Amino acid sequence: MAESGGGEVHKTLSYLLAGGTHVVASAIVALLVFTAASPLPSWAADRYWKSASVGGSEDAPYDIWDTANWDGAVGSGNHLHFSVSEKTYIKSTSSQQVGNDLDVDSGDFVFIGPLKFLAFKNTTANATVNIVKKGDWEIYNYEFWGGSGDGVHLTFTNESGNLTKTGSSGQTIFLAEGANSEVEFYHRAGTMTAAKYGVILGRKTAKRAYLEISGGTVKNTAGNISICEITTDEGTGEVKVTGGELLAEAGSVIVGVKGRGTLNVDGGVSGHLPLA
């Protein structure tokens, strides 16, 4: 075990890396400062999922492209807001841009099929959101802000498909950013890729960020994988690996900044995994 500045690493990691690569746990690094992405265009219209479009099933989901389920048009130039009173199945059959941002305000959702949009958010304070994702998501040009609202509790399961951050602007996957927000992210298959600024678990005054990898790959192609950048002593960030890969293609895996960061490896991590 190696421990550093409030961050702790469970198990020796060196034997897990392919080709005999050795992992070195060094002292805690200073807090990294990331440039915030520019706000989304102000001209975009807010669109709301209709309260009557709830329920369904995997075999009979609602069509996200059907304007009968919305209070207006969808597609590029629209902020899409979802709030449902019961578990709701929503399907897309197009990889075209469905909206500027996907703001999943509250409720229990299963999203099926490909989705392309500019940003992912949960901005409604103190809301509970549960999402099961089955299909490829491309977040183009802005961020994946999981748990962006104050007091939000988000549970996100990547059941299948890839989650890819692309574009020329902000390319960060944030898990828990709002004050006292909590995010639990379960990665079971596919590849989650973050470029430019990497993956950050817990930021600002968030309460808890948890990422569990049991299959597939979570990787950054630039920046770092940072486990807990929460600025309060009580905040926690944890990555637990039981299968699949946690793959740092650039930078380092940073465990703990001020809050408590934990990297718990209990299965198949491989690849380049420097630790700071």
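In this text, all values refer to a predicted model and were calculated from it rather than measured experimentally.

Enquirer: I tried to follow the overall build of the chain on my own but got confused; where do I start?
Expert: Looking only at helices and strands, the chain features zero helices and 24 strands. Across the 276 residues in the chain, those meeting the buried criterion constitute 54%. Sequence-distant contacts, at least 24 apart, represent 68% of the contacts inside the chain between residues at least 6 apart.

Enquirer: Help me understand the environment of Thr88 in this model?
Expert: As for its position among the elements, Thr88 is in strand S6 (residues 88–91). Residues Thr88 and Ser53, 35 residues apart in the sequence, show an inter-C-alpha distance of 8.1 Å. Apart from the residues within four sequence positions on either side, Thr88 is in contact with Trp49, Ser53, Val54, Gly55, Tyr62, Asp108, Phe109 and Val110. At 2.9 Å, the side chain of Thr88 and the backbone oxygen of Glu86 are in polar contact.

Enquirer: I would appreciate a short explanation of unusual backbone geometry in the present structure.
Expert: A negative phi holds for most residues other than glycine; trans holds for most peptide bonds. In this structure, Asn126 is a non-glycine residue whose phi angle is positive, near 60°. With respect to the helices, strands and loops of the structure, Asn126 is situated in the loop between strand S8 (115–121) and strand S9 (128–134). On the accessibility criterion, Asn126 (62% relative accessible area) is exposed. For Cys228, which is not glycine, the phi dihedral falls at a positive 85°. Mapped onto the elements of the fold, Cys228 is located in strand S20 (residues 224–230).

Enquirer: For this particular structure, what's the right way to read the pattern of salt bridges?
Expert: Once the charged atoms of two side chains with opposite charge are near each other, the side chains can pair. If you walk through the whole model with that rule in mind, you get eight salt bridges. The closest approach of N and O atoms between Glu177 and Lys204, which form a salt bridge, is 3.8 Å. Here Lys204 lies in strand S17 (residues 198–204) and Glu177 lies in the loop between strand S14 (172–175) and strand S15 (182–187), a separation of 27 residues in the sequence. Relative accessible area serves as the criterion here: at 10%, Glu177 is assigned to the buried category. For Lys204, a relative accessible area of 45% corresponds to the partly exposed category. Several salt bridges converge on common partners, so that one network encompasses Glu177, Arg203 and Lys204.

Enquirer: Looking at this model, I keep getting lost on the nonpolar core. Mind explaining?
Expert: Across soluble globular proteins, nonpolar side chains show a tendency to be buried alongside one another. If you look at the biggest cluster of nonpolar residues, it comprises 52 residues, and the most contacted ones within it are Phe82, Phe120, Ile131 and Trp137. If you tally residues by element for this core, the top one is strand S7 (residues 97–112), at five residues. Discounting chain neighbours no more than four positions away, the residues touching Ile131 are Val104, Phe109, Phe111, Phe120, Trp137, Leu154, Thr155, Phe156 and Thr157. Core analysis: the second largest hydrophobic core is formed by six residues, Leu118, Ala119, Tyr142 and Phe174 among them.

Enquirer: Help me understand the pairing of S15 in this model?
Expert: Remark: a regular strand shows side chains that alternate across the two faces of the sheet. Of all six residues in S15, six are buried; the element is thus mostly enclosed. The side-chain alternation of S15 yields two buried faces, one formed by Glu182, Glu184 and Tyr186 and the other by Val183, Phe185 and His187. Examined bridge by bridge, strand S12 (residues 153–160) and S15 share six bridges and lie parallel to one another. Paired with Phe156 across the two strands is Phe185, which belongs to S15. In terms of strand pairing, S15 meets strand S18 (residues 208–213) through six bridges, oriented parallel. The residue of S18 that forms the bridge with Glu182 is Arg208.

Enquirer: Is there a simple way to think about the environment of His79 in this case?
Expert: Structurally, His79 is set in strand S5 (residues 78–83). Along the primary structure His79 and Leu102 are separated by 23 residues, whereas in three dimensions their C-alpha atoms are 6.5 Å apart.

Enquirer: Looking at this model, I keep getting lost on the packing of aromatic side chains. Mind explaining?
Expert: How two aromatic rings sit relative to each other is set out by the distance from centre to centre and by the angle between their planes. Enumeration over the complete set of coordinates arrives at 17 aromatic pairs. Aromatic pair Trp70 and Phe82: ring centres 5.1 Å apart, planes at 75°, arrangement edge-to-face. On the criterion of sequence distance, the pair formed by Trp70 in the loop between strand S4 (62–63) and S5 and Phe82 in strand S5 is long-range, its members being twelve residues apart. This pair shows no difference in class: Trp70 is buried, exactly as Phe82 is.

Enquirer: Mind showing me how you'd approach the confidence of the model for the chain here?
Expert: Note that predicted coordinates carrying low pLDDT should not be read in detail. Summary statistics for the chain give a mean pLDDT of 83 and a share of 80% for residues scoring 70 or more. Residue range residues 1–42 is modelled with pLDDT below 50. Its contacts to residues more than four positions away, or to other chains, number 86 contacts.

Reading guide: rules and limits
- Residues numbered from 1 in each chain as written.
- Predicted model: local features only at pLDDT ≥ 70, side-chain atom pairs only at ≥ 80, totals over all residues.
- Heavy atoms only, no water.
- Helix = DSSP H or I, 4+ residues; strand = E, 2+ residues; numbered from the N terminus.
- Buried < 20%, exposed > 50% of the residue type's maximum accessible area, 1.4 Å probe, protein only.
- Contact = heavy atoms within 4.5 Å.
- Polar contact = N/O pair within 3.5 Å; in protein donor to acceptor, adjacent residues only side chain to side chain.
- Salt bridge = Lys/Arg side-chain N within 4 Å of Asp/Glu carboxyl O.
- Core = buried A, V, L, I, M, F, W, Y, C linked by side-chain atoms within 4.5 Å.
- Pairing = 2+ DSSP bridges.
- Phe/Tyr/Trp six-rings, centres within 6.5 Å; stacked < 30°, edge-to-face > 60°.
- pLDDT = per-residue confidence, 0-100.

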